[in-house]
Amino acid sequence: MKLLHSSDLHLGHCFHSYDRTMEQKSCLLQIEEIIKKENPDVYIISGDIYHTSSPQTAAQEMLMRHLLEVHRIAPEMRVIIIAGNHDSNRIEIDDPLWNLVGVSIIASIKRNVLDGEASEEYHKELFDRHIFRIGTENSAIGFIVAIPHCYPGNFPSVKEALPREERMKEFIALLLNEVASRNDENLPVVLMAHTAVQHSGENLPETQGQDLDIIGGIDIIPEEAFGEGYDYIALGHIHYPQNISGRIRYCGSPLPLSFDEDFQHSVSLVRIDSHGAFPQVETIEIVNEMPIVTIPEQDRRKGIQSLTWEEAKRSFEALDPKLSCYVRLNVTDDGTIPVEAKDIAARIPEKCGLKAKFCLINRIKPARAEEDKSHSSRLSLAELKNNMSPATVADLYLKDTGQDDINPEILKLLHNTIDEVK
């Protein structure tokens with residue numbers, strides 16, 4: 001079975017108030033060209049289709065036209081979409097209509113508390129909703145198990161008196177066991193999910209970027225929660241493409257959502273010969289029509305680099321006038337940044353005939369800039385899990401970005417909000 005694994009399209013996202021329709025259409029067009037060239041059996045999107053739970057009409061139309069074009073290009077290919085934490089379960093309202101062109105959208109896990117979630121009748125409903133047999137009526141080539149975003153404790157209790165912390169694992173096991181009972185031909189089994197997975201084995205180099213790029217509030221789960229019986233887990237949520245294990249992968253987002261996502265974005269083409277075989281993954285780069293540019297150019301191994309205001313301004317003015325991009329200035333906050341710096345920077349593209357779009361000035365404290373050359377203040381998953389409060393994380397972020405002199409009233413509001421939530 002050959003599948004195209006994508007996720008985190010975030011259609012409708014604006015980059016520092018700039019409309020991204022052109023970039024997103026170009027991204028979808030590139031995916032359509034990949035489908036035309038590679039002719040996969042399945043095209044999957046593992047969540048965060050839209051950037052907000054109430055996407056604008058233009059974003060919804062963009063997805064609709066994309067899916068219709070995909071069906072025109074490859075009418076026999078299946079398309080399976082799950083919701084992410086940015087999506088509303090309303091995106092599955094049109095699922096019956098989409099089924100007519102080979103598209104399935106699963107945005108929620110139906111509950112059956114009144115009649116009992118441990119009953120066989122309810123389990124059959126789950127099988128019909130989340131298990132997809134891929135292929136023709138007479139010839140199957142694999143199975144897809146589609147699980148939309150759901151917090152671990154909110155999964156149905158598919159066994160009597162099941163504690164909340166065990167519900168996700170038992171729910172997945174229930175579906176995979178059903179697939180195993182149907183899989184007489186030893187066909188590949190792919191599981192789709194949108195969540196943050198903690199790697200518990202040896203520290204693979206590819207997993208190092210995960211701590212840097214967790215976006216949104218999702219509980220971090222161990223890979224053991226998926227149990228066994230799958231050949232490949234197609235994850236969404238983390239924007240950095242990486243393997244959690246030989247069978248578990250984030251394909252990453254096809255477009256960056258922030259200046260910190262300064263890595264190559266892509267989709268993944270996955271081939272699985274049979275059940276038990278290791279997936280063969282090919283990374284296919286997506287070209288961003290509007291790349292993100294930080295002045296000066298950053299090297300994560302050296303920490304955060306910055307320039308004086310005059311140096312940063314001159315470097316901005318000297319950009320290639322033909323380069324369409326978003327620009328962030330990392331400026332050393334040494335007391336020489338003028339009050340009107342943001343306005344001055346915003347006028348540079350027009351003044352110098354640039355296609356670049358100015359976004360922000362990132363003020364870097366001098367001591368912070370020097371320290372970061374040899375020390376990274378990035379937080380690990382272990383540190384975040386070690387009872388670190390939201391206020392502490394916010395304080396570290398402000399200091400790291402040179403904003404520790406932020407208005408005390410704003411900080412007071414933050415602390416009040418945290419207290420109210422608790």
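Novice: Where do I start with the packing of aromatic side chains in this structure?
Specialist: Centre-to-centre distance and the angle between the planes together describe a pair of aromatic rings. Overall, the coordinates contain 6 aromatic pairs when judged by the stated rule. Summarising the aromatic geometry, the rings of Phe15 and Tyr326 are spaced 4.5 Å apart at their centres and angled 25° between planes, so their arrangement reads as stacked. Linking Phe15 in the loop between β1 (2-6) and α1 (21-38) with Tyr326 in strand β16 (residues 326-332), this pair joins segments that are 311 residues apart in sequence. Here the aromatic cluster, defined as three or more aromatic residues joined through ring pairs, consists of Phe15, Tyr18, Phe259 and Tyr326.

Novice: What am I meant to see in the layout of surface pockets here?
Specialist: If you roll a probe as big as a water molecule over the atoms, it shows you where there is empty space left. As a volume, the second largest pocket reaches approximately 410 Å³. Elements that contribute at least two residues to the lining of the second largest pocket include exactly α2 (57-73) and α3 (95-98). In terms of residue count, α2 provides more of the lining of the second largest pocket than any other element does, 5 residues in total. Taken together, the residues of the lining of the second largest pocket break down into 14 nonpolar, 4 polar and 2 charged.

Novice: What is the right way to read helix α6 (residues 309-317) from this model?
Specialist: Since the α-helix advances by 3.6 residues per turn, residues separated by three or four positions end up pointing in the same direction. Of the positions making up α6, those classed as buried are Trp309, Ala312, Lys313 and Phe316. Buried residues of α6, seen end-on, are gathered within an arc of 100° and therefore sit on one face of the element. On its buried side, α6 packs onto β15 (292-295), β16, α7 (341-352) and β17 (357-364).

Novice: Help me out: how do you make sense of the state of the cysteines in this one?
Specialist: Any covalent bond linking the sulfur atoms of two cysteines counts as a disulfide. Summed over all chains, the structure comprises 0 disulfides. You can see Cys325 has no disulfide; the closest cysteine sulfur is in Cys359, sitting 8.8 Å from it.

Novice: Explanation requested: the side chain of Ser266 in the structure shown.
Specialist: Within the secondary structure layout, Ser266 lies in strand β13 (residues 266-271). A residue is classified by how much of its surface remains accessible, and Ser266, at 1% relative accessible area, is buried. When near neighbours in sequence (up to four residues on either side) are disregarded, Ser266 contacts Pro241, Cys251, Gly252, Ser253, Pro254, Thr283, Ile284, Glu285 and Ile286.

Novice: Looking at this structure, I do not really get the pattern of salt bridges. What am I missing?
Specialist: A side chain of one charge can pair with a side chain of the opposite charge if their charged atoms are brought near each other. Tallied over the entire structure, the rule returns 20 salt bridges. The shortest N-O distance in the salt bridge between Arg20 and Glu23 comes to 2.8 Å. By the burial criterion, Arg20 is buried, and Glu23 matches it. Taking the shortest distance from any N to any O, the salt bridge between Glu69 and Arg72 comes out at 2.7 Å. Taken together, the residues span about one helical turn, with Glu69 and Arg72 both in helix α2 at a distance of 3 residues. Overall, Arg72 belongs to the exposed group, its relative accessible area being 54%. Taken together, the shared-partner salt bridges in this structure form one network comprising Lys2, Glu38, Arg271 and Glu282.

Novice: Whenever I open this one, the packing of helix α4 (residues 120-130) against helix α5 (residues 164-182) confuses me. Can you help?
Specialist: The relative placement of two packed helices comes down to the angle between their axes together with the axis-to-axis distance. Contact pair α4 / α5: the axes reach a minimum separation of 11 Å and the direction vectors enclose 75°. Taken as axis vectors, α4 and α5 run roughly perpendicular relative to one another. Each of His123, Leu126, Phe127 and His130 in α4 lies in contact with α5, whose residues at this interface are Phe171, Leu174, Leu175, Glu178 and Arg182. Looking at side-chain class alone, the contact of α4 with α5 contains 5 nonpolar, 2 polar and 2 charged residues.

Novice: Before we go on, may I ask you to explain empty space enclosed by the protein in this structure?
Specialist: As enumerated under the stated definition, the model contains 1 cavity of 30 Å³ or more in all. One number sums up the size of the largest cavity: a volume of about 70 Å³. Taken together, Ile147, Pro148, His149, Cys150, Phe155, Met168, Ile172, Ala193, His194, Thr195 and Phe226 make up the full set of residues lining the largest cavity. Every element with two or more residues in the lining of the largest cavity is listed here: α5 and β7 (189-194). Among the residues forming the lining of the largest cavity, the class breakdown is 8 nonpolar, 3 polar and no charged.

Novice: Please clarify how a negative patch on the surface should be interpreted in this entry.
Specialist: On the surface, Asp115, Glu120, Glu121, Glu125 and Asp128 cluster together to form a negatively charged patch. Locating Asp128 in the fold gives a position in helix α4. The class for Asp128 is exposed, based on a relative accessible area of 63%.

Novice: Could you clarify how one ought to interpret unusual backbone geometry in this entry?
Specialist: Among all residues except glycine, the phi angle is most often negative; among peptide bonds, the trans geometry is most common. Of note, the amide linkage connecting Ile295 to Pro296 takes the cis form, showing an omega dihedral of 0°. Position of Pro296 among the secondary structure elements: in the loop between β15 and α6. One non-glycine residue, Ala161, lies in the positive phi region at around 50°. Within the secondary structure, Ala161 sits in the loop between β6 (140-146) and α5.

Here is what the cut-offs are and how they apply
- Residues numbered from 1 in each chain as written.
- Predicted model: local features only at pLDDT ≥ 70, side-chain atom pairs only at ≥ 80, totals over all residues.
- Heavy atoms only, no water.
- Phe/Tyr/Trp six-rings, centres within 6.5 Å; stacked < 30°, edge-to-face > 60°.
- Helix = DSSP H or I, 4+ residues; strand = E, 2+ residues; numbered from the N terminus.
- 1 Å grid on protein atoms, 1.4 Å probe; cavity = no way out; pocket = protein on both sides within 12 Å on 5 of 7 lines; lining within 4 Å.
- Points joined across faces, edges and corners; volume = space filled by probe spheres on them.
- Nonpolar A, V, L, I, M, F, W, Y, C, P; charged D, E, K, R; others polar.
- Buried < 20%, exposed > 50% of the residue type's maximum accessible area, 1.4 Å probe, protein only.
- Arc of directions from axis to C-beta.
- Contact = heavy atoms within 4.5 Å.
- Disulfide = S-S within 2.5 Å.
- Salt bridge = Lys/Arg side-chain N within 4 Å of Asp/Glu carboxyl O.
- Axes fitted to C-alpha atoms, helices over the stretch in contact; angles between N-to-C directions.
- Parallel < 35°, antiparallel > 145°, perpendicular 65-115°, else oblique.
- Patch = residues over 30% accessible without salt bridge, like charges linked within 9 Å, V, L, I, M, F, W, Y side chains within 5 Å.
- Areas by Shrake-Rupley, 256 points an atom, 1.4 Å probe, with all protein chains shown as cover.
- Lys, Arg positive; Asp, Glu negative; His and termini not counted.
- Charge placed at Lys NZ, Arg CZ, Asp CG, Glu CD.

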